[in-house]
Every structure is written in C-alpha cells, then in structure tokens.
Amino acid sequence: MNKEIPRIGVYVCHCGMNIAPRVDVEQVAEFASRLDHVVVARDYKFMCSNPGQELIVEDIKAHNLNRVVVASCSPRMHEATFRKACRKAGLSPYNFQMANIREQASWVTDDSRLATAKAKDLVAAAVGRVAFHRPLQTRRVEVNKSVLVIGGGIAGIQAAISAADAGYKVYLVEREPSIGGHMAKFDKTFPTLDCAACIMTPKMVIAGQHENIELLTYSEVVGLEGFVGNYKARILKKPRYVDEDKCTGCGTCMEKCPTRRVPSGFEEGLAFRPAIYSPFPQAVPKTPVIDAEHCRLLAKNKRCGVCAKFCEADAIDFDQKPQYLDLTVGAVIVATGFAAFDPSSMVQYGYGIYPEVYTSLQFERLNNATGPTAGQIVMKNGQVPRKVAIIHCVGSRDRNHLPYCSRVCCMYSLKFAHLVREKTGAEVWSFYIDMRSPGKLYEEFYNRVQAEGVHAVRGKVAMVTDIVDDPGRGSLTVVAENTLTGRNLRLPVDMVILSVGLQPAEGAGEVARMAGISADGDGWFTELHAKLAPVNTPTAGIFLAGCCQGPKDIPDTVAQAMAAAGQATALLAAGTVETRAEISSIDPDICSGCKSCLQVCPYNAIYFDEGRQVAVVNDALCQGCGSCSATCPSSAAAVAQFNDSQVMAEIDAILA
Amino acid sequence: MEASFEPKIIALVCNWCTYTAADLAGTSRLKYPANVRLVRLMCTGMIDVKYVIKALLDGADGVFIGGCHPGDCHYINGNLKARKRIQGVGSILESFGFEPQRLALRWIGASEGPEFAHHMTEFVNTIMQLGPNPSKARMIL
Amino acid sequence: METFLKNPKGAHEAVRDLLKGLLENKLADAVLVAARTPYSQLPMPMLIADGQHLEKAVPLLPVAPFNAARQAEALLRQDAGRKLALVLRPCEIRALVELVKLNQCSLDQALVIGLECYGRMENHDFLDKYASGEGEPAASRIDEQLLCTACRTCTRCVPETADLTLATFAGGLEKGIWLQAKTEAGEQVCKDLELGHKDMDPGHRQAVEELKAGRGQADRELVEAMARAMASMEDFQKIIADCINCYNCRRACPVCYCKTCVFVTDVFQHPPEMIFRRAEKRGAVKLPTDTTMYHLTRLAHISHACVGCGHCTSVCPAGIPVADFFKTVARKTQELFDYIPGRDLDEPIPLLVFDENEK
Amino acid sequence: MIYGFFPGCAYQAAAGYKESVDAVCGLLGIELREIEDWNCCGATAAFSRSQKEALVLTGRLFALAARQGFEEIVTVCNACYSTLKKAAKLLDGQPALLEQVNRVMAAEGLLLEHPLPVKHLLEVMLRDRSRLSWPRGECRLPEQVKVAAYYGCQLTRPWQDVPRALRPDILESLLEAAGIEAVDHSARTLCCGASHAVAYSGRCQVLIDRIINGIRAKGGNLVTTVCPLCQFNLDQGQQGRAGDKVPVTYFTQVLGLAFGLPPEKLGLKKLLVPLKRIGL
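The residue numbering used here restarts from 1 in each chain and proceeds along that chain's sequence as written. For naming, the first written chain is A and the first written ligand is 1, with later ones following in the order written. Per-residue local features of the predicted model are confined to residues with pLDDT of at least 70, and side-chain atom pairs are confined, for both listing and counting, to 80 or more; whole-chain, interface and lining totals are unaffected and use all residues. With hydrogens and water set aside, each side-chain value is computed from the structure's full complement of heavy atoms.

Caption draft 1: Looking closely at the overall build of chain A. The helix and strand labels rest on DSSP assignments: H or I over at least four residues marks a helix, E over at least two residues marks a strand, and numbering proceeds from the N terminus. The helix and strand inventory of chain A stands at 17 helices and 34 strands. Considered along the principal axes of its C-alpha atoms, chain A spans approximately 90 × 70 × 40 Å. Each residue gets one of three labels from its accessible area relative to the maximum for its type: buried under 20%, exposed over 50%, partly exposed in between, using a 1.4 Å probe on protein chains only. In chain A, which comprises 656 residues, the share counted as buried stands at 60%. Here the contacts in chain A between residues at least 6 apart in sequence split such that 69% fall between residues at least 24 apart. Taken as a whole, chain A presents about 26,000 Å² of accessible surface, with 51% of it coming from carbon and sulfur. Note on charges: Lys and Arg go in the positive column, Asp and Glu in the negative column, and His and the chain ends are not counted at all. Taken as the charge centre is NZ of Lys, CZ of Arg, CG of Asp or CD of Glu, depending on the residue. Positive and negative side-chain charges in chain A, numbering 68 and 69 respectively, have mean positions lying 2 Å apart. Only heavy atoms enter the contact rule, under which two residues are in contact if any of them lie within 4.5 Å. Accessible surface area values rest on a Shrake-Rupley calculation with a 1.4 Å probe, where residue burial reflects the displayed protein chains alone.

Below, the structure is given as structure tokens:
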C-alpha cells in the first residue's frame, strides 16, 4: 500500500521534429495533467538537453515531486540520463518511468490522431505505474581485476596488450597453437603496403612476453557464467603433447618427424607440415604441438616417438591429457574474428577443380616471404603467370551465399593487383561489381593501382573454365560481361584469384550462447547500440572487438580492439560495480516454501532456508529475469520495478 | 456512436529481443497499426498469468506476447517457461469463450524490426476480424 | 497380498481392530482417522494415540467435513519423531501427494491406509437424514443420488498410492472388510500383524468396474453441461454472481497450498483512485473487486492439480458449484499438460519443467 | 520394371537412339511403356508463344500419364525434360494455372490433380540400378576408347535439381557403373547452340568446336550424349570441321558396347562421324 501520496511530474518531449508534429504534445501534456496524482505536466522541445533536465530538477524542488515521468524516446536511449537528473534533485532514480512515444508512436504511425491517442495511453501507463515505484537499494560489489580475451587474432592481441598495459591481468585464449589469426598469414596490408609481418610479429611478441598477459593457446572457452565484474570462465587446454616449460622451440622435432605430408592449414593447403608442428616460423608461443590425428604413435600407435628421441629438452610428453582451467575475471572481450568463405560451392569458378584458381588467403601465402613459394608469385609449375584475373565479391553480395558486402575485398583485391604488377609485371584483370574504397587513403590507393595499368572490368564473372580457344595464351578462360561496354568477354589467363567474402568464425554461435550475447541474421555479434555503443553488448562487462561484430579491415579492427580494452579497463578501474537494483526478492512472511522458484531459477540464485522453511534470493547471483515471480502463486517472489502492482497498474491505466 | 472498431492490444514484450525489435522498427520508420501498447518486461519468463487474465478482463481486445527465439533468451530459458504458462492460461480462457487467437505468443529477435512490424499488422488484422473482446461491453465483476 | 479382516460386528469394527493392532504393535505411534468427538454427529479428522479411543473411528461413513490432507500435512510438515498411520479417502491421498511434491510435507513417517470410497454426502444432507444417528448407513454403498456432485462423478474412487487399501467394494462388509497391501511397507505391516493371505473376492474387480463406469457416465454429462453453462464470460459471471469473496473455497482446497493467497496481499489492496477509475470507466463497479479475476487466477494456478474432492463447493456459502467449473477446466489443463494429479510422487509439476522442443 | 515413357518428337528419327535404348533397356529389364496418345511437349517454342498453351500441352501429358497409372514420367530428351520440369514447377506452385489448364482439358475429360515427377532415363537407371538386371561381366569397350560425357545445357538448367548443375557427374557415375572411366573435362554443360543451328549455323560452329576441342584437350575421343538435339548438332556440326573429328554417341549406345551387345543392335551405323575412326 502506498503510504506517501504520489506527487508526479510529467514531461512530454517534442524531440525537435521527431515527436511533435506527429504527436500533439500539448494535448498529451494537458491530458497528463488530469491524471491521478499528477502535480505538473509540461511539454518541451528537447527533454534530454540540459535545460530540459534542469526543468525536471527545478520542478522536483519547487513542487516537491516524488515521482517523475518523461514521455520521449526509448528508455534504452535515455533512461539513464533522466534517472541522473532525478538523483541530482535528490529523488530516487527508481521513482522514474519513461514512456516511449517516439520509436513506438510518432515514428511508426502516419495518422496523428492515432499517434496522439497512443501517446496518451503510454503516458497514462507510465503515470499509473510510477505511483507504485519505490526507491531501491543497490550495493557496490568488487570487480575482479582481470580480463578474459577470447580469440588471438590482431583484435584479441591488441585488446589484450592495451588492457595489460593498463596494469590488469589478461587471459588471452586462442584455439590454434599460436596467436596471430588471419593477419599472420598476410604479406602486405592496404593501403600503405607495409608488411604485415613487420607490424604483426612485434605485437605477437609483446603479447607473448607481457608480464600481465597469460597466453592460453591451443585452448578453448567451454563455459562462461556470472555477471559484470565477476565472470567465471572454464577453459579447455587441449593436450599439446609438448611441455611448454621444457620446450626450447629449437624445432628439431619438426625436422625429424617421419610424418611429413599433412596439408598445412596455415598455408591454406598449399604446403605440407609434419605431425608435430608449429604453424609458422614467428609463432607465439614457439612450442609446437603434436597433431594426434596424424601422429604415427598417437593415431596409428605405431612404434615411433622419433620426436621424443631427438628432443634434448625432453619436452615431449605423449601422456598429456586435456586440462580444465577455471578463471574468474571482471570483464570479457570477445574477438573470435571471421572465417573466409569457401568458394568450392561456386562450381562455376572452378576452385578445387583447376589448380591455378586460388582463394585470397592462398594468394596471401603465395605472396608471403615465409610462404610455400618464399614470396614468389608463381604457378604450380613454377612459372611466373603472364595474365592474372582477380574476381571480387566471391560469395559476397550474393543472395545464394553471403548477402552482405565483405568491406575488405575491393581493397585487398587492389592490393593483390598491385603486388602482381610489381612482382611479376603480369597483366592484371580485376572483375568487380562496384569498386568500394571508403577509408583514409583508400581512394588514392585505387587511383594508384589503376595508374599501374590494372584492367578493371565492371561485371560479375560467369565462369572460369579450362577450355581455351588458343592454348598458347593461358590455361584458363574467364567468361564475363563488361557491363560498362555491354560486351561479352572471354579472357585467357594463367591464374585466377577469388576474392572471397567473410563469414562469422566457426563456433561463434556457441560463444554467443555462453556469453549471452545475440547475433544478427548473418551470425555477426550484435553491439549494444550501432552508433553509441559499438563495442558493448547487452550483457554488461562483455565487449566486442574485431570481425566477430562484422567484417572490418585492420585499422578498424585495431581501433575497435583498443576501444573494447578501454571499456573493459574503465570498468575494472572503477573497482566496484553497482549491483542491479531490478532483482528479485522473496517475502518470507508470504513464502510457503514450495521450492518451485528454486526449480525454475536459471542461475541457482535462490537457496532454501531450512530453518525458516522459506526460499531466499542471493542478490549477487540474481539477474532479475522474474522466472521465480511468475512461478510463485502467492507472489512472495517479486522483481523490483516489475512487481505485480506495478505491471498491473500499467495495464490498468492503458485500458482505463 | 459505433465508430469503426479500433482494437486495443496489450503487448507484453521482453526487453532484450522484442522491445529492441520494436525500437528498431521505429528507427527504421516502419509503419504498423497504432493499436498496440507495449508493456516492457525484462523477460517473457516474468509474465504472470494474472497479467494476461487482467488484460482480457479489463477489455483488451488482444494480448500479444513477444520474446526471444528459443535458445536466444537473455536469461537462458525464460521464454520456454513463458510458452508453457501461456499455453495453460490460454486453454483456460478458451473455456470461457475467449477465442484462442486473442492471445498470441511470437518469437521476435532483437534485429527483427521488420518482423515485429509484420507480426503487429498481422495480429491487429486477426483481432479486427474477431471483433471486440466480448467481455468489454459487459460489466466485469 | 490380500486378506479379509473378519469381525462379526462388521467392517468398521474390523478397521478398528487393524488400527488397534498398529498401535499395540508400535507399527504406528498414532492414527489419523475420521472419528466422532463426544459431541459431534459429523466425524472429524482425529489423531488417536490411545487405542481406547478407536471406538469412535468411523472412516467409512459417507460424510467428511474436510479434505483431511491438510490435517495430514500439518502432522507431517516435518519429522516429529513419530510414526503416523493415516486412514484417508482416495481424493485425500491424491491431495497429499501433490502437497509432498510442493515440499509441504513428507511421507517418510507415514503409513497410508486408503479406502475404496463410495463417496460422501454434503454435511447438511447427512445431518438432516441421520441427525439422531438412527439408521445411520453401514459402510456399504448408498444411493448415488444422496452423494455430493463431486463424489457422484468421481471415477478415481480407488486409492492409487496407498500402502494398504481397505477394499470396501469387495463386499462382505457386514462380516468384516478386505485389506490389500500395495507397497512393501504395506506388505511388511501385514507380516508383522500376521495376517494370513486370502484370495480376493472374485466379484471385486467387476464391482469396481461397474462403479467407475456409472460414475464416468455421470462425470461426462456433468462436464458437458458445465462447459455449455460457462461458454462465455457473461455466463460465467452468472455462475459466480453471488460470490462474496470469502475465499472459503481456497481455504477448503487441499492443493491451494499458499500460506497467504495473493488475493489477500497488497497486490489486490488497490489504492482508492484505482477503484474509482474502474467505476468511471464502466459506469459502476461491484465491490469487492476482482471476483472474476480471483476465480480465473485460481484456475490458472492450480486447476492442473485439482484432485476433484469437491470441498470447495461444499464450503461455499453462496452455493456456487466451484468444483464443477474447476473439474471442467481441469479436464482441459490436465490433458494439455498430460498431467494426472496425485497419481505419482515422481510425476513433475507441469509448469516447473520445460524444454526447447516442446510445442 | 515398368516406366511411363515420353519419347518426344525427336526420338524416333535420332541416330540409333531408339535402337540402343531398346537394346539396353531389354538387357536391364526396363520396360518403357509409352504414354498412350502422347503429344508434343511444345519445347521452348510453345512457352515463348503463350505460357497457357504450353502448360496445356504439358499438362495433358501429366494427366494422361496419371490416368494410365504412372507415378513419374521418363524422358530421353533434354528439351522434353526441361520443358516438363518447368511446367511441373509452374503448375505445382500456382493453383490458378492448374485450374486454367484443367478447364481446357475438361473437354477431353482429363483432370490433373498435380504434375508428376519428371526423370531422365539416365537418372532412372542410376537410381534403380540395384533393382535392374545389371550385367556382372567386365567392360567390353576397348581400352583406346576415351569417353567424354556431354550433358548439354537443358538437363541441368534452369529448372532442374541435378547436383553441381554447372559440372554434374551423374552420367560419369552411370558410365562408371558400366566399367567405363570417363574423361574429366569442362565442356559438360556448355551450350551447343542446337536451337539456333539452322538460323545461325555460323555462330553455332564456334560453340561446337569449343566443346569438341575442350573434350579433345582432355584426351577424349568419343562423346556420349543424353539428348537427340545435342547428338545431332554435335555430330553434324563436325562435318565442316578441319581438325580431328570425334564420334558423338548416345549414352545408351556406349552402355550397349560396354555390356557387349552386338553393335548392329545399337544403330551405330547412323552416326555421321563414324566410329571406325577410333577402331570400332
């Protein structure tokens, strides 16, 4: 029962031209002024502006209001703003309610009469409900001063370094044997053409040696629970069969291993590796792993153990078992990156059929000084190509595959074009749908590459075939239409590069589930707000970095990684977080001890007090989902801000 | 003055998915019937059967419940609990002559603004065809 | 095993012998059984510790002012360090099972003796008819028409989870009563009391079938009639028109287990302006408010667990057939959740279990 | 096994197609029972004139087949196959169209509830192989014969559901089942220009040469087709050809040879590019 009589102030926002013309705000304010307990009701151009907020503050004092309603945009936009204003005037921020008359009325309704009617209802609902609001108590709880970074690509590495430099413990988890991700495979980077290794390797080394960073390579996150400031993560360390502490990284084992022809994932299948391997020379850590599937001893259990015989450090350990690590961290940065689109499904481009058709990642390796050809752009037969075709948007902007633009394939294709021209002098034909070069120095790079004599053809390639009209002029024919000239084209070439699109990394969905973050239709993780919270997720304390949130180039990835680290460390620096006020509590005088709530609570946040035979909420664990309140027939369990009286008052007012 | 029937619909939606989708529909300026009144809850899992009963007894012409797709619930499985509860109360209300179509449960994900608008339009049309809530005219004791 | 408890004085005496035996052999420290107080015509649930008092026990009389499950719960709420034997009707046992599921009590210290139940009369009918106790019916069957509606339409009149069952339907009640052991505990008791085995009266099964068949018919007719009678909110309002919000029905209900009903908490103590608003909206509003809300909510909360004992109707001062519309709705909800209340301790309560693949 | 067979107009005249089909089917225990009173499917021409008329032509075939108790229609011609598939897709999706067609066919007392599945004999042989009397013995086709499978454009596009439409391999699988290892080439579904052979023979020549060259480049010395139009066009299209000619056969002719059936029963004499070029 309401002891204190509510004194409510209602503020209807014009939001410039966003609400006002469609919704008759004066009428709504006048309507509000006649509602029960409303002491003052006004309309104003921009409630979120300083004068707007001041208006509230002054009224609270002048009319000693004890409840405030603002009718404007979505609470997901400005609830925090107005709660602050209330607090500033000495009013509990929880004695506030917002009515969303922009996203849910003015913006979605043509008929201004209906929009106004809807706005009135929503205001009435807010007023009806706010009368039942109570000041809520929150506690501050310690934030664990460490960060978990999931994914060891450039995004994860940068985020880890930034957070570690800020003085916080960082756990960097990477499922491959080495950190580095995709960028480690690249040779040059657009538009500046500086060598990827030259800028990447130092970062990897820093990450590897940083006293605040604990590298967990060849490991995966298999469990994640808890809440902001206090996440519990379970890490699976896959058996390396090599003792990281003993191994000196001398590499003898790799030379001696009798199994030699395992296709190398890092080399995109262009080269082979032994069963005991370290993916690439600059790998961090250097410690190799034994690939149990191909190891003669582990897989076929033949008598082998050659690696062990030659290992002077005696680091080989065939008895290693999977290990589980349980970490407690204050924040989590998700940087699971992307996977390159596999073009084998697009039979018309002949990938996997014609040896001289390469994916972009394969071409990166072909270019790379440490790659299978030591950086020579040559065909399988060792000869230098005379004519190379580069096909943009393979899989991208394609209803049958990836509907969206990969954001990087135009630029890296131009980079390829440049490299081919520079290294081989070969003729380069680039087939594009639209040339997209938005970014600092990108357009300039495009112009430069054009000037280098690259033929750019606007048109999607129909097919690549090994049927050639003149065998002397290349082993492949690219069939396409030049949509600018309207002419069909049968272009003989020696080599075709497929600039494939980007898709979410394998297993990203699992990570999303564990972290309780959502993904869009294409599988990219959704940020809290597209513009205003690009690295945050709806789950406090979990941040996004890099391509896991959407296709990105390296500069954007690094920027976002630093931003994510910034957000995470800001949270840690604060030292404590305010506990959620909107959580459940159980009235022991009403509870009948039936334990139903214990059964439905997804967080085991309710325990049973055997002495009093009642259920009790652990407010550190409760997330406020209300499973218990909806299950409890006597409503002994109730979520603050969402209790029966408040919700039913809202419904009551809408239908009054 | 029996003007054209403007149904009033109470939509009990979860903060994370359907409410977000509604905002998205707004920012995308998608138009849908103005008859819907959203009541924002943290999760469909907190929807008490009383809310549904009250809304219909107080004359709502329809009750729409929108939550995250199964598996996507921000609170792991609140939506699954809701689904079962709503089935239960639905079958009860049905025995008292409430058409089952007056109570709808749909999954609308955070990024599904267009779907939100679509479901609203669809539901409002259904209610239009059903006509006003029979209990509306009568005095409810 | 089965056996026949002989006693020339008839069934009630035979039951008393059994219970006396339990007490004397320390198989139970006390017995909960319907018995007369020195002053009452109606048998009340009585906790009997001394065999002397068993002479007043009349569990087979066709009347019961309570669903004794609530009294049983009170005694079994926590371990009292005593063993309790309970003589209960099938609907009482079903309710008790639901209460155990709801963590309200435990059967660890209980020996449940169920009786095959011919049904009960409404208290006032019983008193009118047998005020003097003259010509009081023996344990045997009485005219169905004398029974309350719930019992007349009850097909679950044979105990389903009792340790021991008093097989009233097997007949021979003037010479004693048949006893069946349904659980290990029950078997043990029979051994301890050295009750020899005797093959069940062959007529028993048929008697049960016939009774159930007749009741089933009555049940279907009732539910169909009721479904028609409450086909719209307006119809339903006519049915509950005289409700005075006394909440007796939920107090009498053995599965309405809430210590405090939400309808007597702050949630429904509306601030006056809210009630005025309702009056202004509809022109007038009946007080107390939320009567329909109360009945619908109760249906939503526990119709799946309704054991059909009918006590809600019996206690209603306004003569509202609460049990009838509960039965009608429960039929649907229990079918929907494929749930049969009181059948099995391990059968989970529907609203507490859910999974992604449910439709 | 008995199949509802739609021969199509080009079948009878096709060089040895009928002979070889009869011979091979006889051997395998396949009975192709002609749909009685069948009519021309209308091919692409009918559709380019009027969709409704085209759908009546095809609809009638489905209706007849259904009435004669067949559950699917088997063809031996890509054009028929493609046309029927297209019709089936349209009629399945749009009750209105089906209604129109039925109204016309009512005059004949025909009613079509739903179109039947359409299969090429090639697909049927592959699918039902286990239930056919497939010869056990090893392949009788001489070593030096290098068979190249040619599908043409209409078997896999645009209405069909043959996997890897642009580089199918079901014909290769069938040949393999007869012990023939087909050459791996890229001309499988290139258009041979058949439908323009008369109007633009010059342009077609380029296409034909491209196909033949593509096959020769991969060591193929015998083309095998699944369609009268393809066979005829590729066969006669080589007459003016300067370079080495390659015999163009029907898949049933090659199967026949592999199974060791007497050549004279396979109508091989009717081929324009003679088989003796490759010592047959």
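Caption draft 2: Focus on the packing of helix α6 (residues 154-165) of chain A against helix α14 (residues 554-574) of chain A. Residues and elements named next belong to chain A. Angular values range over 0 to 180 degrees, each being the angle between N-to-C directions of two axes fitted as lines to C-alpha atoms, with helices fitted over their stretch in contact. Look at α6 against α14: their axes get within 8 Å of each other, and the N-to-C directions meet at 40°. Taken as axis vectors, α6 and α14 run oblique relative to one another. The way α6 lies across α14 gives a crossing that is right-handed. Facing α6, whose interface residues are Ile154, Ala155, Gln158, Ala159, Ser162 and Ala163, α14 presents Thr557, Val558, Ala561, Met562, Ala565 and Thr569. In this count, Pro and Cys sit with the nonpolar residues alongside Ala, Val, Leu, Ile, Met, Phe, Trp and Tyr, while Asp, Glu, Lys and Arg are called charged and the others, Gly among them, polar. Considering only residue class, the contact of α6 with α14 consists of eight nonpolar, four polar and no charged. Oblique is the label for any angle not under 35 degrees, not over 145, and not in the 65 to 115 range, which are roughly parallel, roughly antiparallel and roughly perpendicular in turn. Should the near helix be turned anticlockwise from the far one by less than a right angle, the crossing is left-handed, and should it be turned clockwise, the crossing is right-handed.

Caption draft 3: Focus on the interface of chain A and chain B. In this assembly, 47 residues from chain A lie in contact with 45 residues from chain B. By buried area we mean the combined loss of accessible area, with a 1.4 Å probe, across both parts when two parts are placed together. For the chain A and chain B pair, buried surface summed over both sides reaches about 4,000 Å², with 58% attributable to carbon and sulfur atoms. On the chain A side of the contact with chain B, Trp107(A), Phe642(A) and Leu655(A) bury the most area, a combined 16% of that side's loss. By the criterion applied in these results, polar contacts are pairs of N or O atoms within 3.5 Å in which, for protein atoms, one can donate a hydrogen and the other can accept it, and in which residues neighboring in sequence qualify only through two side-chain atoms. Seen at the junction of chain A and chain B, the total is 18 residue pairs in polar contact (both at pLDDT 80 or more).

Caption draft 4: Spatial organisation of the interface of chain B and chain C. In this assembly, 31 residues from chain B lie in contact with 39 residues from chain C. Both sides together, the interface formed by chain B and chain C hides about 3,100 Å², and carbon and sulfur atoms give 65% of it. Contact with chain C buries area across many residues of chain B, yet Lys84(B), Phe96(B) and Leu141(B) alone supply 27% of it, more than any other trio. By convention in these notes, a salt bridge is any Lys or Arg side-chain nitrogen within 4 Å of a carboxyl oxygen on Asp or Glu. One can count zero salt bridges joining chain B with chain C. At the junction of chain B with chain C, the criterion picks out seven residue pairs in polar contact (both at pLDDT 80 or more). Those elements that provide at least two residues to the side of chain B that touches chain C are α2 (49-57), α3 (78-95) and α5 (134-137) of chain B. Considering every element that reaches the side of chain B that touches chain C, the biggest residue donor is α3(B), with 12 residues.

Caption draft 5: Broad picture of the sheet that holds strand β25 (residues 476-482) of chain A. Residues and elements named next belong to chain A. We treat two strands as partners when DSSP finds at least two bridges between them. Read across the open sheet, the three strands follow the order β24-β25-β26; overall the sheet is antiparallel. Edge positions in the sheet fall to β24 (461-465) and β26 (487-493), since each of these pairs with one other strand and no more. Adjacent strand axes in the sheet meet at a mean angle of 15°, parallel and antiparallel pairs treated alike. As paired elements, β24 and β25 share four bridges and run antiparallel to each other. Across the sheet, residue Thr465 finds its bridge partner in β25, namely Thr477.

Caption draft 6: Structural detail: the arrangement of the chains. Interchain contacts are distributed over four pairs of chains, and the most extensive set of them lies between chains A and B. These two, chain B and chain D, are apart from each other, with no contact and a minimum C-alpha gap of 24 Å. Taking C-alpha atoms as the reference, chain C and chain D come no closer than 29 Å and do not contact one another.

Caption draft 7: Structural context of the sheet that holds strand β27 (residues 495-500) of chain A. All names here are of chain A. Spatially, five strands are ordered β20-β27-β21-β22-β23 in an open sheet, and the strand pairing comes out parallel. The open sheet terminates on both sides in strands that have one partner only, identified here as β20 (357-359) and β23 (455-458). Each strand of the sheet is rotated relative to its neighbour by a mean of 20°, with strand direction disregarded. Note: strand β21 (residues 387-394) against β27, five bridges, orientation parallel. Each bridged residue has a counterpart across the sheet, and for Ile391 the counterpart in β27 is Leu498. Across the face of the sheet, helix α10 (residues 360-367) comes into contact with β20 and β27 while running at roughly 95° to β20. Along the sheet face, helix α11 (residues 409-424) touches β21, β22 (427-432) and β27 and points at about 175° away from the line of β21.

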